[in-house]
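Structure at a glance
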Amino acid sequence: MLPVTHVLAFGECQRLCRLPEGGRRHPETSHRCYTASSLAGAWLVAQSKATPNAPTISIFLKPPGVIPPGGSTTICCSCQHGNGNFMLYKDGHQLRTLEQSGSRAEFSISNATYKDTGTYNCHYLEGGTVLARSDGLDVVVTGIRLPGPDLSVLPGHEVTAGTHVIFRCTPPHRSTGCFLYLEGQIRAQVLSREQDDYNFSHVQEGEGGRYSCQCFTKNASIEWSAVSKTLDLVVRDYTLCNAVRLALGAGLLVLLGLITAEATRGRCCRGGRAHPLPAGSAPLTATSVGTPGFPSRASRWDK
């Protein structure tokens, strides 16, 4: 799956903008239109240049979506590898070194202008050597002229893994299409005008997160809506949880059994051990020992 603006470019570009492949530029961005075949070739070239066993670096917008002038967003770069540095590039030009916090580095855009529009990449470096490069993240700053859609999810906000989940993005106006965003992902799902919902046939635990959607209308030019309110989807894998609970319960039962067996063994050993009598003392008999709380038979007859 391609980044959000690339999805629009190759999936809807020719139909919406009536632009030939690679021929003219998108009216509101600096990106050309490409088809799936040309993008597949570029992907193969990129894969051939990838370093074997290189760390994986991701880049995404938080929150995702098209940004209005004066708005704000954050470019996030993440790499689960060592303690290197992140370098941010825009349109192929080095922009700045990002301050790293754990495995993530962030670059904030506040009071956005049209000059912030462009393709951003993150490079991950260790000792001055570039170990990984992220995909391109297209940041688009343009006017927002339409109200945001309503986003809903069925059967609910919390589901078990394997459940059939439906996201529904409903704009208050007639739209050409919508995008479904998942925070933390560079990819977006396209919802066409004929289909205002997106189905997950068997949702997995990794597909939970914070979702939003945004719609657009193609008239004389493309008009964007505001981004919808966010919706949190929680996916719980109760099969795994139950297996962990059963394993913990079995371990606890084994531990209790060992403790009980050790306690029983200790009582048996203490009860069966013989204690030697002092020298010259007579052994105890039934007539010389009384029951606790009552006088012994021998003491009563002696009186």
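Here's what I pulled together on the structure shown here. As a convention, each chain's residues are numbered from 1 in the sequence order in which they are written. Under the rules for a predicted model, residues below a pLDDT of 70 receive no local features and side-chain atom pairs below 80 are neither given nor counted, while totals for whole chains, interfaces and linings still include all residues. Excluded from the side-chain calculations are hydrogens and water; all other atoms, namely the structure's heavy atoms, are used.

1. A look at the overall build of the chain
Here is the rule: Numbering goes from the N terminus for both helices and strands, where a helix is a DSSP run of H or I of at least four residues and a strand is a run of E of at least two. Burial classes: relative accessible area under 20% of the type maximum marks a residue as buried, over 50% as exposed, and values in between as partly exposed (1.4 Å probe, protein chains only). Residue contacts are defined here by distance: any two heavy atoms, one from each residue, within 4.5 Å place the two residues in contact. Areas reported as accessible are Shrake-Rupley estimates using a 1.4 Å probe. Residue values count occlusion only from the protein chains shown.
When its secondary structure is counted, the chain shows four helices and 19 strands. Counting over 303 residues, the chain shows a buried share of 34%. Taking the contacts inside the chain whose residues are at least 6 apart along the sequence as the reference set, 62% of them involve residues at least 24 apart. Summed over all atoms, the accessible surface of the chain reaches about 18600 Å², with 55% contributed by carbon and sulfur.

2. Describing the sheet that holds strand S5 (residues 100–101)
Applicable threshold: At least two DSSP bridges between two strands are needed for those strands to be called paired.
Across the sheet, four strands lie side by side as S1-S2-S6-S5; this open sheet has antiparallel pairing. Each end of this open sheet is capped by a strand with a single partner; those strands are strand S1 (57–62) and S5. Relative to strand S6 (residues 104–109), strand S2 (residues 73–79) runs antiparallel, the two sharing six bridges. If you follow Thr73 over to S6, its bridge partner there is Ile109.

3. Brief notes about the sheet that holds strand S11 (residues 150–154)
Which entries qualify depends on this criterion: What counts as an axis is a line fitted to C-alpha atoms, over the stretch in contact for a helix, and the angles between N-to-C directions run from 0 to 180 degrees.
Read across the open sheet, the three strands follow the order S11-S13-S16; overall the sheet is antiparallel. If you trace the sheet from one side to the other, it starts and ends with S11 and strand S16 (197–200), each paired once. Going from strand to strand, the sheet's axes swing by 15° on average, the running direction of each strand aside. Here five bridges tie S11 to strand S13 (residues 165–170), and the two strands are oriented antiparallel to one another. Looking at S13, one finds that Asp150 is bridged to Thr170.

4. Some words on the state of the cysteines
Put simply, the rule is: For the purposes of this analysis, a disulfide is any pair of cysteine sulfur atoms at a distance within 2.5 Å.
Going through the model one piece at a time under the given rule, you end up with three disulfides. Paired by a disulfide, Cys169 and Cys213 hold their sulfur atoms 2.2 Å apart. Taking the sign of the S-S torsion, 85° for the link of Cys169 and Cys213, the bridge is right-handed. Remark: Cys213 occurs in strand S17 (residues 209–218) and Cys169 occurs in strand S13; sequence separation between them is 44 residues. Cys213 matches Cys169 in its accessibility class, with the two residues each being buried. Here Cys178 connects covalently by a disulfide to Cys215, the sulfurs 2.0 Å from one another. Across the S-S bond linking Cys178 and Cys215, the dihedral sits near 95°, which makes this disulfide right-handed. Residue Cys178 is located in strand S14 (residues 177–182), and its partner Cys215 is located in strand S17; the two are separated by 37 residues in the primary sequence.

5. Considering the pattern of salt bridges
The criterion, for reference: Here, a salt bridge means any Lys or Arg side-chain nitrogen found within 4 Å of an Asp or Glu carboxyl oxygen.
Under the criterion given, the structure shown has three salt bridges. Linking Asp232 and Arg210 is a salt bridge whose minimum nitrogen-to-oxygen distance equals 2.9 Å. Pair noted here: Asp232 is in strand S19 (residues 231–236) and Arg210 is in strand S17, with a separation of 22 residues, a long-range link. Asp232 gets classed as partly exposed once you look at its relative accessible area, which sits at 36%. Assessed through its relative accessible area of 38%, Arg210 is described here as partly exposed.

6. Details of a nonpolar patch on the surface
Selection criterion: By definition, no residue in a patch forms a salt bridge, and every one has over 30% relative accessible area; like charges are joined within 9 Å, nonpolar side chains (Val, Leu, Ile, Met, Phe, Trp, Tyr) within 5 Å.
A contiguous nonpolar patch, built from Leu252, Leu253, Leu255, Leu256 and Ile259 and spanning about 500 Å² of accessible area, is present on the exposed surface. Inspection of the secondary structure puts Leu255 in helix H3 (residues 238–272).

7. Some points on the nonpolar core
Here is the rule we go by: For the purposes of this section, nonpolar cores are sets of buried Ala, Val, Leu, Ile, Met, Phe, Trp, Tyr and Cys residues that join through side-chain atoms within 4.5 Å.
Judged by nonpolar contacts, the single largest core of 22 residues is most densely connected at Ile59, Ile75, Phe86 and Leu98. Of all elements in the fold, only S1, S2, strand S3 (85–90), S6, strand S7 (118–126) and strand S9 (137–139) reach the threshold of two or more residues within this core. Leaving out residues up to four positions away in the same chain, Ile59 has contacts with Ile75, Cys76, Cys77, Tyr120, Asn121, Cys122, Ser134, Asp135, Leu137 and Ile186. Residues Val165, Val203, Tyr211 and Leu231 belong to the second largest nonpolar core, which totals 18 residues.

8. Digging into the environment of Tyr114
Within the secondary structure, Tyr114 is located in the loop between S6 and S7. Sequence spacing of Tyr114 and Val141 is 27 residues, and the spatial spacing of their C-alpha atoms is 5.4 Å. Excluding residues within four positions of it along the chain, Tyr114 makes contact with Pro69, Val141, Thr142 and Gly143.

9. Looking at the environment of Gly84
Inspection of the secondary structure puts Gly84 in the loop between S2 and S3. Residue class for Gly84 comes out buried when judged on its relative accessible area of 3%. Separated by 40 residues in the primary sequence, Gly84 and Tyr124 have C-alpha atoms spaced 6.7 Å apart. Among residues more than four places away in sequence, those in contact with Gly84 are Gln100, Tyr124, Leu125 and Glu126.

Spatial relationships are all this shows, so hold off on functional conclusions.
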